[in-house]
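Architecture at a glance
So you can see what is in the structure, the chains are spelled out below.
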Amino acid sequence: MLTPIARLYLIWIAIHFFSFAFPATVINFYLEALGFDREWIGVFHAASQVGGLVLALPAVGVFHLIGRRWALVFGAVFASIVRLPTVLSPSPEVILLAEALSGFGTVMFGLASVSLLADASRPDHRAALFGLSDFVRTLAVLMGSIAAGSLPTLVAPLLQSEPQSAASYRVVLAASFVVRALAAIPLALIARRKPDREDATAGLPDLYPARYLNPRVLLGQRPRIYALGVPFMLLLLAEAMLFTFFNLLLRDWFGASDAQIGVIIGLNALIGSLAALLAPHTAQRLGYQRALISSALISAGSIAAFALSTNLFLGALAIFVQVASAQITRVLYRAYAVNAVLRSEYFILGAVMSLAANIGPTIAPPIGGWLQSAFGYVPLFLTAIGLSVLAVVTFALLDRWLSAGRPLPALAPAFRVARRTSPQTLDE
């Protein structure tokens, strides 16, 4: 059963990710049309993450002043609007600066939303809600990707330009950022809802992220909080290494057109959305541990199959399998991680998981761009496969520790007193 907050958040997901699909599909083509090489494009994709890191302290300060609920709205709007200069100016300095500044809003929104679905759900409905949210997200990406692959060709005659010109891409991308900003309306409705003592899911609880800037508080968290972020980080690092350049890869490797690329990215989203809905049933049949390990290994094998494909059709089939298995892995791992901690730890776990998810988009694009320029695509495939397998091994070891009921090695015994601020569990 969906709570009011969950329903509003799903509406935001639908609008946001429809518009998100436009830069995901054509931003690389736009930058290439401006004359930028792969190394520069890789730096561009890392700029938002680096900017978020540099501006994290100011973002936390503003978050503390306006509170969680309005930080949710402000962060989403700021991150969208400030990206407009990335497509309104041809200057590389302006493009990088605007993308870096968007990290300020991204960090604020990330902190405010980091445990939102967990806060708006109950344990018995959590995996289903995570699966539904991923279904809505990827279905929106499907529709947005198909539109993004076709619209530049449709608007080009109106601009008296070529279909693959920077001008046609610019108009489509600018419109998508405006739509993304308007998606904050459901978030504003969430912000208006206040917590209720009778129903913990009726409103978002207040959060105070500034307290986690204290090293004593950070080191005082249970070690499992940080350990749970490691497999997730490796999985998304593997994906970012390859999929940051996926649209360029399809054009270079198979000679695919913009419209074909839009359809493939859209079908990826559709397949991912269906896989997200199947994730809870997969866990029921196989168990979380076996389902997670199996899906991650299938994902790694599918990347290898894609690299060995001789034509676009076979490559698309391989990547469809990869997307489905990776989506199941994501849904189940997030539910697994949340269920492994206390409710009072949802925020810090979410922050750790968000940080883990952002490591890949921060370091993979520059490395991937350099690898392509120096050695071609093959190192990207090998790196993505190796990281996926390493994630499986890391998860298996972590699950063995947690299942055995043994505590993980303490970060610092001197900080044990800080951990006692949270309710104790039997395995501590």
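The paragraphs below set out a description of the structure included in this document. Because the structure is predicted, anything quoted here is derived from the model rather than measured.

What follows deals with a nonpolar patch on the surface. Together, L297, V389, V393, L397 and W401 line one region of the surface with nonpolar side chains, adding up to about 420 Å² of accessible area. Examining the composition of the nonpolar patch, we find that four residues originate from one element, helix α19 (residues 378-403), more than from any other. Summarising the element assignment, L397 is placed in helix α19.

As a further point, take the packing of aromatic side chains. The final tally for this structure, using the stated rule, is 21 aromatic pairs. Ring plane angle 70° and centroid distance 5.9 Å describe the contact between F306 and F381, whose orientation is recorded as edge-to-face. With a gap of 75 residues between them, F306 in helix α16 (residues 288-307) and F381 in helix α19 connect regions that are remote in the sequence. Judged by relative accessible area, which is 3%, F381 ranks as buried. Every member of this aromatic cluster is reached through a ring pair, and the members are F243, F246, W253, F254, F306, Y377 and F381. Between the NZ or CZ atom of R137 and the centre of the ring of F17, over which it lies, the distance is 5.8 Å. Looking at R251, its charged tip hangs above the ring of F29, at a distance of 3.9 Å from the centre.

It is worth spelling out helix α4 (residues 68-81) at this point. Helix length check: α4 (14 residues) gives 20 Å between terminal C-alpha atoms against 20 Å at 1.5 Å per residue, within 8%. All of the buried residues in α4 are R68, R69, A71, L72, V73, G75, A76, A79 and S80. Looking at the buried positions of α4, the neighbouring elements they touch are α3 (56-66), α6 (92-113), α7 (116-119), α9 (166-182) and α10 (184-192).

In this section: the environment of T394. Looking at the secondary structure, you find T394 in helix α19. The sequence separation of T394 and L234 amounts to 160 residues, and the corresponding C-alpha distance is 8.9 Å.

Reading the values: rules and limits
The residue numbers shown here count from 1 along each chain, following its written sequence. At least 70 in pLDDT is required for a residue's local features to be given in this predicted model, at least 80 for side-chain atom pairs to be given and counted, and no such filter applies to totals for whole chains, interfaces and linings, which use all residues. Hydrogens are left out, water is left out, and the side-chain values use all remaining heavy atoms of the structure. Patches draw on residues past 30% relative accessible area with no salt bridge. Two like charges within 9 Å are joined, as are two nonpolar side chains (Val, Leu, Ile, Met, Phe, Trp, Tyr) within 5 Å. For accessible areas, the Shrake-Rupley method is used with a probe of radius 1.4 Å. Any residue's cover is judged against the shown protein chains and nothing else. Salt bridges are defined as contacts in which a side-chain nitrogen from Lys or Arg sits within 4 Å of a carboxyl oxygen from Asp or Glu. What counts as a helix is a DSSP run of H or I of at least four residues, what counts as a strand is a run of E of at least two, and both are numbered from the N terminus. The pairing test for Phe, Tyr and Trp rings, Trp by its six-membered ring, is centres within 6.5 Å, and the orientation test on the planes gives stacked under 30 degrees, edge-to-face over 60, and tilted for anything in between. Any residue under 20% of the maximum accessible area for its type is buried, any over 50% is exposed, and the rest in between are partly exposed; the area is computed with a 1.4 Å probe on protein chains only. Geometrically, a lysine NZ or arginine CZ counts as sitting over a ring once it is within 6 Å of the ring centre and also within 35 degrees of the ring normal. Here the expected length of a helix is defined as 1.5 Å per residue gap, with one fewer gap than residues. Two residues qualify as a contact provided that any one of their heavy atoms is within 4.5 Å of a heavy atom in the partner residue.

Keep in mind that these numbers describe shape and distance, not what the molecule does.
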